[in-house]
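Per-entry structural report
So the chains spell out like this:
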Amino acid sequence: MATEGAVVGKRPRPHQLSDLVKPAVKLSNSGSWPSGHATVGTMMGIILSDMVPEKRAEIMARAAEYAHNRVVGGIHYPSDVEMGKISGSAIAAVLLSRPDFKTEFEVARSELRSDLGM
């Protein structure tokens, strides 16, 4: 069943299904599932925490908060964020297994750790 204002073939966002939902962030009419913000935030959190493992807990907590804010902001459902976390984890795993990425990763890791005085 198509929902008015929803993108056909994609999961409607909360504000597309109910006028009671007033997002606190910029509206989007793209599909809700999975959350692209949660995907990218999780992927970057994993890669960054691999560069600075001493800060893994803090980095991953911030990535999770960033993802959850999409629900708080009224633009996603919790399941959108969970799938984004799964997607981000899978993408990070693939990237970290690629030789070309590993080379660039090591350069970036060294530069970051140097800038942080580590």
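Our structure's up above, just so we're on the same page.
Cut-offs applied
- Position numbers for residues count from 1 along each chain, tracking the sequence in the order it is written.
- Owing to the predicted nature of the model, reporting of local features is limited to residues with pLDDT of at least 70; listing and counting of side-chain atom pairs is limited to 80 or more, with chain, interface and lining totals taken over all residues.
- The side-chain quantities take in all heavy atoms of the structure and omit both hydrogens and water.
- Helix and strand definitions here come from DSSP, where helices need a minimum of 4 consecutive H or I residues and strands a minimum of 2 consecutive E residues; each element is numbered from the N-terminal end.
- Relative accessibility thresholds used throughout: buried, under 20% of the residue-type maximum; exposed, over 50%; partly exposed, between the two (1.4 Å probe, protein chains only).
- We call two residues in contact when some of their heavy atoms are within 4.5 Å.
- What we call a nonpolar core is a set of buried Ala, Val, Leu, Ile, Met, Phe, Trp, Tyr and Cys residues that are connected through their side-chain atoms within 4.5 Å.
- Whenever a carboxyl oxygen of Asp or Glu lies within 4 Å of a side-chain nitrogen of Lys or Arg, that contact is scored as a salt bridge.
- Any pair of nitrogen or oxygen atoms within 3.5 Å is treated as a polar contact; in protein, a donor-acceptor pairing is required on top of that, and neighbouring residues in sequence qualify only through side-chain atoms on both sides.

A few points about the overall build of the protein
Looking only at helices and strands, the protein features five helices and zero strands. Reading the protein from its N terminus to its C terminus gives the helix and strand order α-α-α-α-α. Counting only C-alpha atoms, the protein reaches 50 × 25 × 20 Å along its principal axes. Among the 118 residues that make up the protein, the fraction classed as buried is 33%. Taking all contacts inside the protein whose residues are at least 6 apart in sequence as the whole, residues at least 24 apart take part in 62%.

What about the nonpolar core?
Formed by Met-43, Ile-46, Ile-47, Met-51, Val-52, Ile-59, Ala-92, Leu-95 and Phe-105, the largest nonpolar core amounts to nine residues. Put simply, the parts of the chain that give this core at least two residues each are α2 (36-51) and α4 (78-97). Of the residues forming this core, the biggest block, four residues, is contributed by α2. Once residues lying within four places of it in the same chain are set aside, the contact partners of Ile-47 are Ala-92, Leu-95, Leu-96, Phe-101 and Phe-105.

Some details on the pattern of salt bridges
By the definition in use, this model includes six salt bridges. Asp-80 is the salt-bridge partner of Arg-11, the closest N and O atoms lying 2.9 Å from each other. With Arg-11 in the segment before α1 (14-17) and Asp-80 in helix α4, this pair connects stretches of sequence that are 69 residues apart. For Arg-98, the salt bridge is made with Asp-100, and the minimal N-O distance between the two is 2.7 Å. Residue class for Arg-98 comes out partly exposed when judged on its relative accessible area of 39%.

Some details on the side chain of Thr-42
Relative to the assigned elements, Thr-42 resides in helix α2. Excluding its chain neighbours within four sequence positions, the residues that come into contact with Thr-42 are Met-60, Ala-63, Gly-84, Lys-85, Gly-88 and Ser-89.

Here's the deal with the side chain of Ser-35
Along the chain, Ser-35 turns up in the loop between α1 and α2. By relative accessible area, Ser-35 is classed as buried at 0%. Among the polar contacts listed, one links the side chain of Ser-35 to the backbone nitrogen of Ala-38, at a separation of 3.0 Å. Sequence-distant contacts of Ser-35, defined by excluding residues within four places in its chain, comprise Arg-70, His-76, Asp-80, Val-81 and Gly-84.

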